[in-house]
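An overview of the molecular structure
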Amino acid sequence: MVLAEAFMKRNDLKKKIAVLSEAASSNLWQDKSLPMTFIPGVKMNPKDAYARASELMSELQALNVAIAKANVVNNDMLRELETVSARISLHESIVQMAARYPGDKVRDTEYSGREVVTITRENEWLIDPNSVQAELARLRDRKRELEKALQHSNFVTEVVL
């Protein structure tokens, strides 16, 4: 199986384990005078659910180990993707703040005692917003490239169990 299939199988196992864990911790006892009834799909014997959940947990552990070994080929790309994503976040926050730039000259009203005074403030950029936007575009392109490469790798990299 390839990494993409292994990831889907892992998600399925996690869902099954969650359901079985719930069943294993429910209905732990009942009145002795009542017959034991476990309706498939509705109610499960906690003993059976516990045993099956344990089996699936062992299977999940083996699958996670196999995925980790196979995913080593993607390690460099994954680390770069983390860094690129963090840089995109930084650049987006700068662009959002830059959008609030009040202008090169701003008239403000201040109160001095009983008098109203109009003051003109001059602002200047401490960072070049155009270069930040250009870098943001470059980073987004790089992120798309990395995601495509990872997606391709996930469909060609074999996972050995």
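Above this text sits the structure in question.
The text that follows walks through the structure, step by step, so that each part is easy to find. None of these values were measured; they are calculated from a predicted model.

Let's talk about the packing of helix α3 (residues 75-98) against helix α4 (residues 129-156)
- Closest axis-to-axis distance for the α3/α4 pair is 9 Å, and the angle between their directions is 150°. With respect to α4, the axis of α3 lies roughly antiparallel. At the point where α3 passes α4, the crossing takes the left-handed sense.
- In the contact of α3 with α4, the residues fall into 15 nonpolar, four polar and eight charged.

Some details on helix α2 (residues 46-70)
- Between its terminal C-alpha atoms α2 stretches 35 Å, which fits the 36 Å expected from 25 residues at 1.5 Å a residue.
- Buried residues of α2: Pro46, Ala49, Ala53, Leu56, Leu60, Leu63, Ala66, Ile67 and Ala70, and no others.
- Its buried side turned inward, α2 meets α1 (3-24).
- N-cap assignment for α2: the residue whose side-chain oxygen lies 2.9 Å from the backbone N of Lys47 is Asn45.

Quick look at the side chain of His91
- Positionally, His91 belongs in helix α3.
- Once you skip the residues sitting within four places of it in the chain, His91 turns out to touch Val132, Glu135, Leu136 and Leu139.

So, α1
- Counted at 1.5 Å a residue, the expected span for α1 with its 22 residues is 32 Å, and the 31 Å between its end C-alpha atoms agrees.
- Taken together, the buried positions of α1 are occupied by Leu3, Ala4, Ala6, Leu13, Ile17, Leu20, Ala23 and Ala24.
- Buried residues belonging to α1 abut α2 and α4.

How each quantity is defined
Residues numbered from 1 in each chain as written. Predicted model: local features only at pLDDT ≥ 70, side-chain atom pairs only at ≥ 80, totals over all residues. Heavy atoms only, no water. Axes fitted to C-alpha atoms, helices over the stretch in contact; angles between N-to-C directions. Helix = DSSP H or I, 4+ residues; strand = E, 2+ residues; numbered from the N terminus. Parallel < 35°, antiparallel > 145°, perpendicular 65-115°, else oblique. Left-handed = near helix turned anticlockwise from the far one by under 90°. Nonpolar A, V, L, I, M, F, W, Y, C, P; charged D, E, K, R; others polar. Expected span 1.5 Å × (residues − 1). Buried < 20%, exposed > 50% of the residue type's maximum accessible area, 1.4 Å probe, protein only. Contact = heavy atoms within 4.5 Å. Polar contact = N/O pair within 3.5 Å; in protein donor to acceptor, adjacent residues only side chain to side chain.

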